[in-house]
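Here's the letter readout for the chains.
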Amino acid sequence: MIEVRGLSKHYRIAKRKQGLLGAIQGLFIRKYTSKKAVDDISFTIASGEVVGYIGSNGAGKSTTIKMLSGILTPTSGDVLVNGIVPYRERQKNAKKIGAVFGQRTQLMWDLAPRESYDLLKHIYQIPEAIYQKNLHEMTEKLQLHSLLDIPVRQLSLGQKMRCEFVAAFLHDPAVVYLDEPTIGLDVAAKSRIRSFIKQMNEEKGTTIILTTHDMQDIEELCRRIIIIDNGQILYDGDLHAVKNSFLHEHVISFELDEEKEEILIPGELEGLVTYIPEEGNSNKLTLSFHPETISAAQVIAAVLHHYRVRDVSIAEPKIESIVQEIYERGA
Amino acid sequence: MRYFQLYVCFFSARLKAMMEYRVDFLIGALSILFIQTTSILFVKIVFDHIHTLQGWTFHEVLFIYGIAATGRAIHQFFFENLWVLGSAYIRTGNFDRILLRPIPPLFHLIADRIQPDGIGQLIIGVIVLGIAIPELSMPWGGLETLILALLILSSGLIFIAVNLFFATFSFWMVDSFPIMSTTYQLSSFTNYPLTIYNKGLRFVLTWIIPYGFTSFYPAAVFVDQGGYHTVGYLTPAVAILCCMIAYFFWKRGLRSFASTGH
Ligand SMILES: Nc1ncnc2c1ncn2[C@@H]1O[C@H](COP(=O)(O)OP(=O)(O)O)[C@@H](O)[C@H]1O
Ligand SMILES: [Mg+2]
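Keep in mind that this is a model prediction, so the values were computed, not measured.

### As for the overall build of chain B
Then, number 1: What chain B contains, in helices and strands, is 14 helices and zero strands.
Then, number 2: Written out in order from the N terminus, the α and β elements of chain B read α-α-α-α-α-α-α-α-α-α-α-α-α-α.
Then, number 3: Against the globule reference of 18 Å for 262 residues, chain B gives a C-alpha radius of gyration of 19 Å, in line with a compact fold.
Then, number 4: Summarising its shape, the C-alpha atoms of chain B cover approximately 55 × 40 × 35 Å along the three principal directions.
Then, number 5: When the 262 residues of chain B are sorted by exposure, 53% land in the buried category.
Then, number 6: Expressed as a percentage of contacts within chain B between residues at least 6 apart in sequence, the contacts between residues at least 24 apart total 76%.
Then, number 7: In chain B, which carries 15 positive and 12 negative side-chain charges, the distance between the mean positions of the two groups comes to 12 Å.

Given below as structure tokens:
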């Protein structure tokens, strides 16, 4: 169904020199640096699979999805989706795929969702009977009946996203790419969307590739995950295998009383916990650990001994911590 | 045929959306009427003081003006969305959405919006032509009307091609609006006979950005004040050539976009 072999995407980024002179120079001579957003990845996804494609910000997830969906041309490597090379036959490929990009809409802002669906019917040349049937079933599943005739701009984010999912599945695509579709949604909207994805996969056999930062999305939907970091695949396989070793990991976050230049792990915890860097926070110390190796009480006691702590929170394990952990094991 | 039907679907959806903002619709159409009326009054005032402009009478200049206005209306009504390719599609990432649809991106882009200002423009153009034509010292019949329609269509295509060409730069520079609008401003020169300008400007408006073919040269087919009669007949060929160049360049831009992202 989806075959990816040795796929790479290197972006060229123009190097800008500082100042006016640099800007003028930039008009004539440009130096480029190359960013390996996706670096020699390979995988195969069978028809009907739901695969979680996870990794931290900037890992290369969206870039991969853009190549799979035909928006981007790879630098090298092969992609085959439904037997089509997406970037070569973009329109032909587009007929058989659907996509939801979180926080970006394909509905017409000023019109009711129904109008957008009607236009999609013409764009994808969906036969009237199938269109009516799908629309009916999907609005039922997502409980959208009351929203169909309200202008999209008046809908809440959660309502909009639910409408967005109908738009992505309306033409019975064989593959649907979901790039952070649940970002910013409340718990109720998330769970409704998850059960919709699950139903579409089970009833229609739709192949689904899902990127998300929400571990619960992954746990409820995916049997298989692919972890990507720095453009390379770190792990590809069964979710359960990873879950047993990582998801039962505990994460505790300490908010320190003062900003520190450098936060050190207390000596007695060395080797027993993993430090998770937090962006932008110089007063946060986040540690993950295995309950079998060390108890939460011991971790908290050790940190309190070294730092003045304002607040403690027990967080859900983050994708970042799993990626970090896999890295360290591999090394 | 399929794309004609599809365009109608897009069109009716857009019309419905527009009706949500009925007042904007009216203001848009009225402001164009106002702007155009003042610039025609300007022509009128000039001719109250002088009788001919390098041999061109008031009604002949009006005729040139009318062709330009009508041609521009075709562009404005159908292809207005080109202006926002950079700001509303590439910068925001919405162009990715267009590329996920099983229809040609250029079709999708232009079908995504209609501009009612174009109707105001069209009304003005037709009225101006209606005033000018009976005063031209030549017999006017069905054949002349047909030829004029063909020339006006070509004029519209040239406006479209030029704008498409410069909009395409957005694929490399994110938003090429400044280049587009600077170029477009050149087109206001062609509301008047090209012969009143110096050589350099005439050269640019003929060979570089062929706006001359949106009004002056087509007009010369009917009223010849300087031997451009035959050149005028080249207008459709120029239009087709311009469209081909612009479309080829657009394809090139698309390919580049696919390899750089935004
Ligand atoms: N169009 C682009 N030009 C240059 N660099 C880009 C472009 N798009 C993404 N990148 C870079 O490529 C890397 C991977 O980005 P992306 O695929 O969006 O990651 P993710 O979706 O996993 O967060 C990042 O470092 C990002 O800054
Ligand atoms: Mg992303």
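That shown, we press on.
### Comments concerning the overall build of chain A
Then, number 1: Of the regular secondary structure elements, chain A holds eleven helices and 13 strands.
Then, number 2: With 331 residues in all, chain A has 50% of them scored as buried.
Then, number 3: Of all intrachain contacts in chain A linking residues separated by at least 6 positions in sequence, the fraction that spans at least 24 positions is 72%.
Then, number 4: For chain A, the accessible area works out to roughly 15,700 Å², and carbon and sulfur atoms hold 49% of it.

### Re the domain arrangement of chain A
Then, number 1: Each domain of chain A was delimited in the assignment, giving domain 1 (2–10 + 36–243) and domain 2 (248–330).
Then, number 2: For domain 1 of chain A and domain 2 of chain A, the distance between their C-alpha centres works out to 34 Å.

### Describing the UniProt feature "transmembrane region" (unreviewed entry) in chain B
All names here are of chain B.
Then, number 1: The feature "transmembrane region" (unreviewed entry), as given by UniProt, occupies residues 25–47, 122–140, 146–174, 200–219 and 231–250 in the numbering adopted here.
Then, number 2: A helix fraction of 100% and a strand fraction of 0% characterise residues 25–47, whose end C-alpha atoms lie 34 Å from each other.
Then, number 3: Counted over residues 231–250, helix gives 95% and strand 0%. Its end C-alpha atoms are 28 Å apart.

### Digging into the interface of chain B and chain A
Then, number 1: Listed by partner, the interface residues are 30 residues for chain B and 30 residues for chain A.
Then, number 2: Taken together, both faces of the contact between chain B and chain A bury some 2,600 Å²; the carbon and sulfur share is 56%.
Then, number 3: Taken together, the connections running from chain B to chain A amount to three salt bridges.
Then, number 4: K16 of chain B is the partner of E115 of chain A in a salt bridge, and the nearest nitrogen-oxygen pair spans 2.8 Å.
Then, number 5: Where chain B packs against chain A, one counts seven residue pairs in polar contact (both at pLDDT 80 or more).
Then, number 6: Top element by residues in the side of chain B that touches chain A is helix α1 (residues 2–19) of chain B. It accounts for nine residues.
Then, number 7: Partitioning the side of chain B that touches chain A into residue classes produces 15 nonpolar, eight polar and seven charged.

### A short note on unusual backbone geometry
Residue and element names in this part refer to chain A.
Then, number 1: One non-glycine residue with positive phi stands out, namely Q125, at about 50 degrees.
Then, number 2: If you trace the backbone, Q125 turns up in the loop between α4 (113–123) and α5 (128–142).
Then, number 3: For Q125, a relative accessible area of 44% translates into the label partly exposed.
Then, number 4: You will see that Q143, though not glycine, has its phi angle at about 50 degrees, which is positive.

### As for the nonpolar core
Then, number 1: Counting 92 residues, the largest nonpolar core has I2 and Y177 of chain A together with F63, L85, F95 and W250 of chain B as its most contacted members.
Then, number 2: The contacts of Y177 of chain A, once residues within four sequence positions are left out, are I2, I65, L68, S69, V81, I97, G98, A99, V100 and I209 of chain A.
Then, number 3: In terms of nonpolar packing, the next biggest core, distinct from the first, is built from 60 residues, L111, M138 and L239 of chain A together with F10 of chain B among them.

### A look at helix α2 (residues 61–68) of chain A
Residue and element names in this part refer to chain A.
Then, number 1: Along α2, seven of the eight residues are buried, which leaves the element largely enclosed by surrounding structure.
Then, number 2: Of all the positions in α2, only K61, T63, T64, I65, K66, M67 and L68 are classed as buried.
Then, number 3: Once α2 ends, the next one or two residues include G70, with phi positive near 95 degrees.

### Comments concerning the packing of aromatic side chains
All names here are of chain B.
Then, number 1: Tallied over the full model, the rule gives 36 aromatic pairs over all chains.
Then, number 2: With a centroid separation of 5.3 Å and an interplanar angle of 70 degrees, the aromatic rings of F95 and F171 are classed as edge-to-face. Of this pair, F95 sits in helix α5 (residues 94–99) while F171 sits in helix α9 (residues 170–173), and the two are 76 residues apart along the sequence. Each member of the pair, F95 as well as F171, is classed as buried.
Then, number 3: Taking the centre distance of 5.4 Å and the plane angle of 80 degrees together, the rings of F95 and F257 count as edge-to-face.

### Digging into the pattern of salt bridges
All names here are of chain A.
Then, number 1: Summed over all chains, the structure comprises 22 salt bridges over all chains.
Then, number 2: R310 serves as the salt-bridge partner of E255, at 3.0 Å between the closest nitrogen and oxygen. On the criterion of sequence distance, the pair formed by E255 in strand β10 (residues 250–256) and R310 in strand β13 (residues 309–315) is long-range, its members being 55 residues apart.
Then, number 3: The salt bridge partner of R310 is D257, with a shortest N-O separation of 3.4 Å. With a gap of 53 residues between them, R310 in strand β13 and D257 in the loop between β10 and β11 (273–276) connect regions that are remote in the sequence.
Then, number 4: A network of salt bridges, in which partner residues are shared, links K190, R194, D214, D217 and E220.

### Here's the deal with the sheet that holds strand β5 (residues 97–101) of chain A
Residues and elements named next belong to chain A.
Then, number 1: Within the open sheet, the six strands sit side by side as β5-β6-β7-β3-β8-β9. Their pairing is mixed. Looking along the sheet, the strands with just one partner apiece sit at the ends: β5 and β9 (232–238). Here the strands of the sheet are splayed against their neighbours by 15 degrees on average, with no regard to which way each runs.
Then, number 2: In this structure, strand β3 (residues 50–54) lies alongside strand β7 (residues 207–211), joined through three bridges in parallel fashion. Among the inter-strand pairings, V50 is bridged to a residue of β7, identified as I208.

### Let's talk about the environment of S282 of chain A
Residue and element names in this part refer to chain A.
Then, number 1: If you trace the backbone, S282 turns up in the loop between β11 and β12 (284–289).
Then, number 2: Residue classification places S282 among the partly exposed positions, given a relative accessible area of 25%.
Then, number 3: Sequence separation of S282 and D118 is 164 residues, and the distance between their C-alpha atoms is 51 Å.
Then, number 4: Apart from residues lying up to four places away in sequence, S282 is in contact with E259, K260 and I263.

Procedures and definitions
- Residues numbered from 1 in each chain as written.
- Chains lettered and ligands numbered in written order.
- Predicted model: local features only at pLDDT ≥ 70, side-chain atom pairs only at ≥ 80, totals over all residues.
- Heavy atoms only, no water.
- Helix = DSSP H or I, 4+ residues; strand = E, 2+ residues; numbered from the N terminus.
- Rg over C-alpha atoms; globule rule 2.2 N^0.38 Å.
- Buried < 20%, exposed > 50% of the residue type's maximum accessible area, 1.4 Å probe, protein only.
- Contact = heavy atoms within 4.5 Å.
- Lys, Arg positive; Asp, Glu negative; His and termini not counted.
- Charge placed at Lys NZ, Arg CZ, Asp CG, Glu CD.
- Areas by Shrake-Rupley, 256 points an atom, 1.4 Å probe, with all protein chains shown as cover.
- Domains from an automatic or database assignment.
- UniProt positions renumbered as here; feature names shortened; annotations may be inferred.
- Buried area = accessible area lost by both parts, 1.4 Å probe.
- Salt bridge = Lys/Arg side-chain N within 4 Å of Asp/Glu carboxyl O.
- Polar contact = N/O pair within 3.5 Å; in protein donor to acceptor, adjacent residues only side chain to side chain.
- Nonpolar A, V, L, I, M, F, W, Y, C, P; charged D, E, K, R; others polar.
- Core = buried A, V, L, I, M, F, W, Y, C linked by side-chain atoms within 4.5 Å.
- Phe/Tyr/Trp six-rings, centres within 6.5 Å; stacked < 30°, edge-to-face > 60°.
- Pairing = 2+ DSSP bridges.
- Axes fitted to C-alpha atoms, helices over the stretch in contact; angles between N-to-C directions.

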